Amino acid sequence: MPDRFRGRYLRIFAGSHLMEMIRDGGFKLENVRVIVGAAGGPKGLVLYHFDRYIADLISQGKIGGNELFLIGSSIGAWRMAALSCGDPASAVYEFFDAYMNQHYSLKPSVREISAEAIKILDAFFYGDRLKEALEHPKCRLGIITVRHRRIGLSDERYSLKIAMALIGLGNLISRKTIGHFLYRVVFVDPRNKFPLDFSKDFISTELVPLSEKNIRKALLASGAIPLVMESMRDIEGAPPGTYRDGGLIDYHPDLPYELDGDSFVLYPHYTDRIIPGWFDKYNHRRPYPERLEKLLLICPTKALVESLPGGKIPDRNDFYTFRGRDAERISCWKRAVDAGRYMVEEFLEVIEGGKLKDWVEPLEF
């Protein structure tokens, strides 16, 4: 691909249908119908300033139509929850600030890590914010979780390790095998039908209406990493069972969108690859091409990533690398957050300068 398609900090990809719209001059942020948040823990820190930018667009009514659907798994769901609040810019700041400043003992237990997750949630999603997210005039929130079937029902470490190994081995053979052990449960704003047709997906999916009684537990479940955090059970309005990290099925959500007209999906991402499920990190499984047609993916350039400490964006390994040295970890993470500001500045230059046609790359895998 010629260098003119690559910025210093930002890459922009579009699916085939959206690419045609951009070439015809039909691209408008007002046509964003869905915003997607991927799992990945600290990797999402590089998107902080982009989330602040989206928060401002939401507050100013400059993105989406009457309804803007926000859906994500794990940290992506938490980011979308912050954007659904009445003052999204403040919620986004409070979430990322609390996430950046999490602290642990040298050998944290599953219970300690789970307690820290609750502390982060308490820092930005409290009081009236729950009601705001459920009654937002524009935003409609969706939280992806998984519910175990047959195996992995307990938090007992040995049996859970065996369960995850079996699920992973099955997934290496075929992604379809994951449906024998897990199924997708999506907690959704009940006011409008989400523009998704899960009947077209081979993984069984159940939609559960979000309410003030279950929204916090749904968020905790969506981020409940196996063997790292405690699972969630007895979620109000949902089938009884063991709920964990939505990223197990939808690591980088590859969803069956159902979009009309010029509407499209905005996917702020930390990489130029869409990895459908968490177990797919270990193979080269690709997303469904037909689900990419109306998708705009925005991610950092290789040059931006290589400029960061260690030549990478933050990840969960940093908790081990900087064990007992939280100040150093936070300093490195701040570098990634600050670098994300340049992505937004470049995106504004492209959009406001009418340069999108010259920058956009075809979204192909």
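Now for a quick tour of the structure. What you see as residue numbers is a count from 1 along each chain, following the sequence as written. With the structure being a predicted model, the display of local features is reserved for residues of pLDDT at least 70 and the display and counting of side-chain atom pairs for 80 or more, all residues being used for whole-chain, interface and lining totals. Note that water and hydrogens are dropped before the side-chain values are worked out from all heavy atoms of the structure.

### A few points about the overall build of the chain
Here is the rule: Strands are runs of DSSP state E lasting at least 2 residues, helices are runs of H or I lasting at least 4, and numbering of each runs from the N terminus. Each radius of gyration reported is based on C-alpha atoms, and the globular scaling rule is 2.2 Å times the count of residues to the power 0.38. Using a 1.4 Å probe, the Shrake-Rupley method yields the accessible areas, and only the shown protein chains count as cover for residues. Positive: Lys, Arg. Negative: Asp, Glu. His and the chain ends are not part of the count. Charge positions are represented by NZ for Lys, CZ for Arg, CG for Asp and CD for Glu.
A count of helices and strands for the chain gives twelve helices and eleven strands. Rg of the C-alpha trace for the chain: 19 Å, near the compact-globule value of 21 Å for 365 residues, within the 12% margin. Considering only C-alpha atoms, the chain reaches an extent of 55 × 45 × 45 Å along its principal axes. Total accessible area on the chain stands at roughly 15600 Å², and carbon and sulfur atoms take up 51% of it. When the 51 basic and 49 acidic side-chain charges of the chain are each reduced to a single mean position, those positions are 4 Å apart.

### Things to note about the pattern of salt bridges
Where we set the bar: The term salt bridge refers to a side-chain nitrogen of Lys or Arg lying within 4 Å of a carboxyl oxygen of Asp or Glu.
All told, the structure shown has 23 salt bridges when counted by the stated rule. Its salt-bridge partner being Arg325, residue Glu328 comes within 2.8 Å of it at the nearest N-O pair. The structure contains a network of salt bridges with shared partners spanning Arg184, Asp201, Asp250, Asp254 and Arg291.

### Looking at the environment of Gly223
The condition that has to hold: In this scheme, a residue with accessible area under 20% of its type's maximum is buried, one over 50% is exposed, and one in between is partly exposed, where area comes from a 1.4 Å probe on protein chains only. In this description, contact between two residues means that some pair of their heavy atoms is separated by no more than 4.5 Å.
Residue position: Gly223 is located in the loop between α8 (215-222) and β7 (232-233). The class of Gly223 is buried, set by a relative accessible area of 10%. Once the C-alpha coordinates of Gly223 and Arg244 are considered, the two residues, 21 residues apart in sequence, prove to be 6.9 Å apart. Setting aside residues no more than four positions away along its own chain, Gly223 makes contact with Ser74, Trp78, Met229 and Asp245.

### Considerations on the side chain of Ser222
With respect to the secondary-structure elements, Ser222 resides in helix α8. Here Ser222 falls in the buried class, since its relative accessible area comes to 0%. In this structure Ser222 touches Gly72, Ser73, Ser74, Ala77, Ile143, Ile144, Thr145, Arg244, Asp245 and Gly246, once residues within four positions along its chain are discounted.

### Some details on the packing of helix α2 (residues 48-59) against helix α4 (residues 88-100)
Formally: Helix axes use the C-alpha atoms of the stretch in contact, all axes being lines fitted to C-alpha atoms, and the angles between their N-to-C directions lie in the range 0 to 180 degrees. Here roughly perpendicular refers to angles of 65 to 115 degrees, roughly parallel to angles under 35, roughly antiparallel to angles over 145, and oblique to all remaining angles. Here is the rule for handedness: rotate from the far helix to the near one, and if that takes an anticlockwise turn smaller than a right angle the crossing is left-handed, while a clockwise turn gives right-handed.
For the pair α2 and α4, interaxial distance at closest approach is 8 Å and the crossing angle is 160°. Compared by their axis directions, α2 and α4 come out roughly antiparallel. The handedness of the crossing between α2 and α4 comes out as right-handed. Every residue of α4 that contacts α2 at Tyr48, Asp51, Arg52, Ala55, Asp56 and Ser59 is listed here: Pro88, Ala89, Val92, Tyr93 and Phe96.

### Some words on a nonpolar patch on the surface
Rules: Candidates for patches are residues over 30% relative accessible area with no salt bridge; among them, like charges are joined within 9 Å and nonpolar side chains (Val, Leu, Ile, Met, Phe, Trp, Tyr) within 5 Å.
Residues Tyr158, Ile162, Leu166, Leu169, Leu172 and Tyr282 make up a contiguous nonpolar surface patch of about 670 Å² in total accessible area. By the secondary structure assignment, Leu166 is in helix α7 (residues 157-173).

### Remarks on the pairing of strand β10 (residues 295-300)
So the rule is basically this: Strands pair, by our definition, only if DSSP identifies at least two bridges between them.
The buried fraction of β10 is high, at six of six residues. As paired elements, strand β1 (residues 10-14) and β10 share five bridges and run antiparallel to each other. Looking at the pairing, Phe13 lines up with Leu297 of β10.

### So, helix α11 (residues 326-352)
The cut-off we apply is this: To estimate the expected span of a helix, count its residues, drop one, and scale the result by 1.5 Å.
The end-to-end C-alpha separation of α11 is 39 Å, in line with the 39 Å expected for 27 residues at 1.5 Å each. Among the residues trailing α11, Gly354 stands out with phi positive, at a value near 65°.

### Let's talk about the packing of helix α5 (residues 110-124) against α8
Put simply, the rule is: Residues are grouped as follows: nonpolar covers Ala, Val, Leu, Ile, Met, Phe, Trp, Tyr, Cys and Pro; charged covers Asp, Glu, Lys and Arg; every other residue, Gly included, is treated as polar.
Closest axis-to-axis distance for the α5/α8 pair is 11 Å, and the angle between their directions is 130°. Put simply, α5 runs oblique to α8. The way α5 lies across α8 gives a crossing that is right-handed. For the pair α5 and α8, the contacting residues are Ala117, Ile118, Leu121 and Asp122 in the first and Arg216, Leu219 and Leu220 in the second. Residue composition of the contact of α5 with α8, by class: five nonpolar, no polar and two charged.

### A short note on the packing of aromatic side chains
To keep things clear, this is the line we draw: Pairing of aromatic side chains here covers Phe, Tyr and the six-membered ring of Trp, requires ring centres within 6.5 Å, and sorts the geometry by plane angle: under 30 degrees stacked, over 60 edge-to-face, intermediate tilted. Comment: the charge-over-ring label is applied if NZ (Lys) or CZ (Arg) is within 6 Å of the ring centre and within 35 degrees of the ring normal.
Taken as a whole, this structure holds 19 aromatic pairs when the rule is applied. Their ring planes at 35° and their centres at 5.2 Å tell us that Phe27 and Phe264 sit as a pair that is tilted. Of this pair, Phe27 sits in the loop between α1 (16-23) and β2 (32-37) while Phe264 sits in strand β9 (residues 264-268), and the two are 237 residues apart along the sequence. Residue class for Phe27 comes out buried when judged on its relative accessible area of 16%. Residue class for Phe264 comes out buried when judged on its relative accessible area of 0%. Taking the centre distance of 6.1 Å and the plane angle of 40° together, the rings of Trp78 and Phe95 count as tilted. Taken together, the residues Trp78 in helix α3 (residues 75-83) and Phe95 in helix α4 connect sequence positions 17 residues apart. Here the two residues Trp78 and Phe95 agree in accessibility, since each one is buried. Every member of this aromatic cluster is reached through a ring pair, and the members are Tyr48, Trp78, Phe95, Phe96, Tyr99, Tyr104, Phe124, Phe125, Phe319 and Trp333. Above the ring of Trp333, the side-chain terminus of Arg329 is found at 4.5 Å from the ring centroid.

### Quick notes on unusual backbone geometry
At Ser74, a residue that is not glycine, the phi angle is positive and equals roughly 55°. Mapped onto the elements, Ser74 comes out in the loop between β3 (68-73) and α3. Ser74 sits in the buried class, given a relative accessible area of 7%. Positioned with a positive phi, Leu227 is a non-glycine residue whose angle comes to about 70°. With respect to the helices, strands and loops of the structure, Leu227 is situated in the loop between α8 and β7.

In short, the description is geometric, and any link to function would need to be established separately.
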